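One-letter residues, chain by chain:
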Amino acid sequence: MEENLVIVESPAKAKTIQKFLGDGFVVTSCFGHIRDLSKKNNGIDIAKNYEPIYEVPSEKKKLVSELKKLAKQANMVWLASDEDREGEAIAWHLYEALGLKENNTKRIVFHEITKDAILNSIKTPRSIDQNLVNAQQARRILDRLVGFELSPLLWKKIKPSLSAGRVQSVAVRLIVEREREIFDFKSTSSYRIIASFINPDDSKEFKAELSKRFKTKKEALEFLGTCKNANFKISDISTVPSKRTPAAPFTTSTLQQEASRKLGFSVARTMSVAQKLYESGKITYMRTDSLNLSSLAIGAAANEIKSEFGDEYVKTRTFKSKIKGAQEAHEAIRPTYMNSRTISGPAAEQSLYELIWKRTIASQMSDAQIEKTTATILMSNSDEKFLATGEVIKFDGFLRVYIESTDDDKEENQSDFLPKLSKGKNLTVDSIIADERFTNNPPRYTEASLVKKLEELGIGRPSTYAPTISTIQNRGYVVKENRDGYERSATIITLKNDKISEKIKTEKYGYEKGKMFPSDIGMIVNDFLVEYFKDILDYNFTAKVEKEFDEIADGNVEWKKMIDSFYKPFHLKIADTEANSERGRAERMLGLDPKSGKNVYAKYGKFGPVIQIGEKEDEQKPQFASITKGMHIEQITLEDALKLFALPRNLGQYEDLDVIISVGRFGPYVRHGSSFYSLKLKGDELLNIQLNEAIEIIIEGKEKEKKKIIKTFNQDDAPQILNGRFGAYISYKKKNYKIPKKQTPEDLTFEECMKIIESSKK
DNA sequence: CAGTGAGCGAGCTTCCGCTTGACTT
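Reading the values: rules and limits
- Residues numbered from 1 in each chain as written.
- Chains lettered and ligands numbered in written order.
- Predicted model: local features only at pLDDT ≥ 70, side-chain atom pairs only at ≥ 80, totals over all residues.
- Heavy atoms only, no water.
- Phe/Tyr/Trp six-rings, centres within 6.5 Å; stacked < 30°, edge-to-face > 60°.
- Helix = DSSP H or I, 4+ residues; strand = E, 2+ residues; numbered from the N terminus.
- Buried < 20%, exposed > 50% of the residue type's maximum accessible area, 1.4 Å probe, protein only.
- Near = heavy atom within 4 Å.
- Polar contact = N/O pair within 3.5 Å; in protein donor to acceptor, adjacent residues only side chain to side chain.
- Nonpolar A, V, L, I, M, F, W, Y, C, P; charged D, E, K, R; others polar.
- Domains from an automatic or database assignment.
- Pairing = 2+ DSSP bridges.
- Axes fitted to C-alpha atoms, helices over the stretch in contact; angles between N-to-C directions.
- Contact = heavy atoms within 4.5 Å.
- Core = buried A, V, L, I, M, F, W, Y, C linked by side-chain atoms within 4.5 Å.
- Salt bridge = Lys/Arg side-chain N within 4 Å of Asp/Glu carboxyl O.
- Expected span 1.5 Å × (residues − 1).

Some details on the packing of aromatic side chains
Tallying each qualifying case throughout the model produces 18 aromatic pairs. A ring pair is formed by Phe 197 and Phe 232, whose centres lie 5.3 Å apart and whose planes are at 55 degrees; its orientation type is tilted. Pair noted here: Phe 197 is in strand 9 (residues 189-198) and Phe 232 is in strand 11 (residues 232-244), with a separation of 35 residues, a long-range link. The buried category is assigned to Phe 197, whose relative accessible area is 0%. An angle of 40 degrees between the planes, with centres 5.8 Å apart, marks the rings of Tyr 486 and Tyr 509 as tilted. With Tyr 486 in strand 16 (residues 486-496) and Tyr 509 in strand 17 (residues 499-509), this pair connects stretches of sequence that are 23 residues apart. A residue is classified by how much of its surface remains accessible, and Tyr 486, at 48% relative accessible area, is partly exposed. Among the residues examined, Tyr 509 registers a relative accessible area of 28% and is labelled partly exposed.

This is the structure we're talking about:
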C-alpha cells in the first residue's frame, strides 16, 4: 500500500517531482483536463439553471480508471494541478471523477519545480477553492454557448462547417480589418535631406539630416539651391548618457515572437520544439505567461554571468507582468541548468535552446551604458538646421549576449559613428542629397505578431495561441502567404560640386513573407458576425467577461447568474438573426462586359469566389469563372475579372503536346497531355504566364514524379513503393498502406508488399 | 478527383483550455 499519491498535470513534471519526494510518494499525471462538457445538447441543461453535463471523453477513460485504482491504494491523495483557474478546475474534476473523499484529499500548489517549493507546498496544503472552480465553469460554459450557438447560425446563413468563437472570431477580425486598412492606404512621399560634411579637424566625413522634410520636389530643389550658397557651422554639441535595459525572460508569447523573427519558426514549430526540450528536461514549462524566475535560477544565472563575463556584468532583476489576466502559474521559460550554454540534439532544438539561454541570462545582466551625441549645424542663409547624431556604447552589459528584435522594419537610422567635432567650426560640404521617401502601409500580421496582439487584448492563453492560429487557417478564414513586392520609382536629387543633378531609381516595396491574409470567406463571416454580434466581436469582450470571472472567483457573484445575464439577450439575438437576417454574402457589380453588354459580378458562389457575367434569369445561362488565389471579391477590378475568362488558355506546344493553363478545384494548374502540375501563381501572374515558364514547371514536375517512385514490380496491377509527405508508403489499386518501421522500403519484395496490404485490411 | 452552378434532404460540422502521443499519404 502506497502512502501518498500526488497528481500533477504533466508527466515530465511528475518525473521531476518524484525525485524530490522519494519514498512514500507516488507521483503521476492526469494529462490536463479529464472531463469536459458533453457534446449532446451542448452539454448544458439550460432549463435546469445551466446545469453542466460533464463526461469523461472516450480517450481519457482508461487514464481515469487507472487513476481511480491508484487513488484507492493510497492513504492520501495530493491534487497538485496548476495554481490557476483551469488548474483548480482540474483538481475539482479529479476529486469528482475519482470519487475522492475530503478526509484523504489535499490540494497543494507551487509556482516553480524546485525541491524547496515542493516540500513547502506539502507542508501547507489547502482545500479546493470552489469559487475559483466556478469561475472556470462560467468560462467554459460561456465559450460553449458562444461557439455552439454561433457556429450553426453560420452553417445556415453562410455555409456548413464554419465556426465562430470568442477567441478565433476576434483573431480573424484583426486580420480582416488590417487588410482593409492596407487596401485603403494611400502612400505619400516626401523628400528627406541628408548632407555629408567634412570635419575640418580630421577631414573625416559624417552625415547629418535636415530636421524637416519637404513635401514636393519643387521645395526640395529650391532648398538645395539655397544650400549652394550657404556656409555651415556647428552651433551646438550635446552629449547625453543613456542606457538600455534587457528584456524580461521568455513567456510563451514572446518566445513565439522571437523564434519567428530570429529563427523563422511558425508558432506551431516553436511549440513542438519547445515541447521536446521540456520533455528532455532542458527547459522549464513552455506554456506560461509568467516572467518570474525562481530564486535558485536567478542565483545560477548570476554565477554563470560572473564566470563567463565578470562581476560587473551581473545585475539580477525580477520582472512584473503587464499582461491583463496573466495567471502566472509557472515560471518564465528558462534553461533548467543555467551553466549549459549549448546542448546536443537536432539543429532546431539547439537554436531554440540557445535563444532561451541568451534571453534568460541577458535578463540578469547589467544595463548597457550608451552615450548619445547630437550636433546641431546651422546655415548662413536659412533658418533650417541639420542634426548629426551618434551613439557610442560605453559599456555593453547585456548587449554582449542578446538583443531583442522588432517586427517593424524601420528605416535605417543615421545615428552611428561621429568623428570628434568642435563647436563653432565651419564645415565643408561634400554633397547634399534629397531623396524621395514613401510612407508604407501598416504591416500585415505574421502568426507571431498576431499572437502578440491577442495577448495584449487579453484574448486566448499560452496553451491556445498555436491552436488558434491553426484553426483560423484550417477553416479557410485566413491564409499564410508570401507576396512579391511591387516596384515604384523615387526621385533622388544630388548637390555636389555646386551642381544639382537628378535621377530616378526604381525600388521594390511591399515584399511579404509568411503574412496572414484574409480569404473571401473570412471576410464574409467576419462582416456577418460584426453586423449581428458586435458585442462579442468587440476587442474588449474578453476583457469584460474576464472581470466578471474574477468577481466569481472572489465570491462576489454567483456564476449561474452571470451566465444567465449573458445568455438571455445573446440567445434572443441568435433567434432573431436566424429568422430575420439576409444570407451572409459578398457581391459586387464590377461593371459591364464590353462584349455582351451584360453585368459583371464578383461574388461568393457555391464553390468559392467567382466572377459571373449575366443574370441567373437570363435565357442564356450566366458565365462563371473562379477568382484565382490572391485576388479578392472586394478588390478585383473589371479588367482582371474579364481576363479570368481567357482560361483555359493554350500556350503552345512542348514535346508535341499542348500546354494548357487553367484553374481547377485545387487551384491553378498547367496541363501537359494528360499530366497535371499545380501552379503556385497568384492573380495576374497566372494570367500573364509565358510558354517557357510553363515548360519549366512541367520539367520540374516530371523530375518530382521520378523521385516519387522508389520501387515498382514488373507485373500488372502490382503495388508501387512511393515517396510521400511522411516517407515511403505502398500504393496499390488507388489505396495507400503504411510500411512497418522495421522494414526497409527499398528492400521490400512483391510478396512482402502483398503481405502488408493483406494484414492492414483486417 | 482538374469541363461541377436543378433541388431536396439525411447526417454531419462547431467552442476554449488543460495535456501528450497516435496517426496521417
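Remarks on the protein's contact with DNA strand B
If you check the shell around DNA strand B, you find 52 residues, and the closest are His 33, Ser 161, Tyr 285, Lys 606 and Phe 607. Close to the protein, within 4 Å, the atoms of DNA strand B belong to sugar or phosphate groups at a rate of 50%. A distance of 2.5 Å is found between a base oxygen of DNA strand B and a backbone nitrogen or oxygen belonging to Ser 161. Arg 461 is positioned such that a nitrogen or oxygen atom in its side chain is 3.3 Å from a phosphate oxygen of DNA strand B. Per-element tally for the surface near DNA strand B: the top contributor is helix 5 (residues 130-157), with nine residues. Its residues placed into classes, the surface near DNA strand B shows 19 nonpolar, 17 polar and 16 charged.

Looking at the domain arrangement of chain A
For chain A, the domain assignment lists domain 1 (4-128), domain 2 (252-366), domain 3 (587-644), domain 4 (649-709) and domain 5 (712-761). Each of domain 1 and domain 3 has a C-alpha centre, and these two points are 58 Å apart.

Quick look at the sheet that holds strand 2 (residues 25-29)
A sheet is described by the order of its strands in space; here four strands give the open sequence 2-1-7-8, paired in parallel fashion. Edge positions in the open sheet fall to strand 2 and strand 8 (105-107), since each of these has one partner strand only. Between one strand axis and the next, the sheet turns by 20 degrees as a mean value, whatever way the strands run. Pairing of strand 7 (residues 76-79) with strand 8, which is carried by three bridges, proceeds in the parallel orientation. Along strand 8, the bridge assignment pairs Leu 79 with Arg 107. Here helix 1 (residues 11-21) sits on the sheet in contact with strand 1 (4-8) and strand 2, set at roughly 170 degrees to strand 2.

A few points about the nonpolar core
Leu 142, Leu 154, Ile 283, Leu 352, Leu 450, Leu 529 and Ile 563 are the most contacted members of the largest nonpolar core, which totals 100 residues. The element best represented in this core is helix 5, accounting for ten residues. For this core, the two domains that each supply at least three residues are domain 1 (4-128) and domain 2 (252-366). In this structure, Ile 563 is in contact with Tyr 50, Ala 138, Ile 141, Leu 142 and Leu 145, ignoring residues within four places of it in sequence.

Here's the deal with the pattern of salt bridges
Counted by the stated rule, this structure contains 40 salt bridges. Glu 51 is paired through a salt bridge with Lys 560; the nearest N and O atoms lie 2.9 Å apart. Of this pair, Glu 51 sits in strand 5 (residues 51-52) while Lys 560 sits in helix 17 (residues 559-580), and the two are 509 residues apart along the sequence. Across the pair Asp 527 and Arg 180 runs a salt bridge whose closest N-O atoms are separated by 2.9 Å. Of this pair, Asp 527 sits in helix 14 (residues 520-532) while Arg 180 sits in helix 6 (residues 168-184), placing them 347 residues apart in sequence. The class for Asp 527 is partly exposed, based on a relative accessible area of 33%. Judged by its relative accessible area of 23%, Arg 180 falls in the partly exposed class.

Some words on unusual backbone geometry
Note: most peptide bonds trans; most residues except glycine with negative phi. Its identity is not glycine, yet Asn 49 carries a phi of approximately 55 degrees, on the positive side. Here Asn 49 lies in the loop between strand 4 (44-45) and strand 5. Among the residues examined, Asn 49 registers a relative accessible area of 40% and is labelled partly exposed.

Here's the deal with the sheet that holds strand 20 (residues 599-605)
Read from one edge to the other, the open sheet built from four strands follows the order 19-20-21-22, with strand pairing classed as antiparallel. The open sheet terminates on both sides in strands that have one partner only, identified here as strand 19 (587-592) and strand 22 (623-626). Averaged over all pairs of adjacent strands, the angle between their axes in this sheet comes to 25 degrees, without regard to strand direction. Bridge analysis of strand 20 against strand 21 (residues 608-613) gives six bridges, and the strand direction is antiparallel.

Description of helix 14
In a regular helix each residue adds 1.5 Å, so 13 residues correspond to 18 Å; helix 14 covers 19 Å between its end C-alpha atoms and thus fits that length. The element helix 14 is largely enclosed, with a buried count of eleven among its 13 residues. Of the residues making up helix 14, those classed as buried are Asp 520, Ile 521, Gly 522, Met 523, Ile 524, Val 525, Asn 526, Phe 528, Leu 529, Val 530 and Tyr 532.

Notes on the environment of Arg 483
Within the fold, Arg 483 resides in strand 15 (residues 478-483). A residue is classified by how much of its surface remains accessible, and Arg 483, at 16% relative accessible area, is buried. For the pair Arg 483 and Lys 508, spaced 25 residues apart in sequence, the C-alpha separation works out to 12 Å. At a separation of 3.3 Å, a polar atom in the side chain of Arg 483 contacts the side chain of Glu 481.

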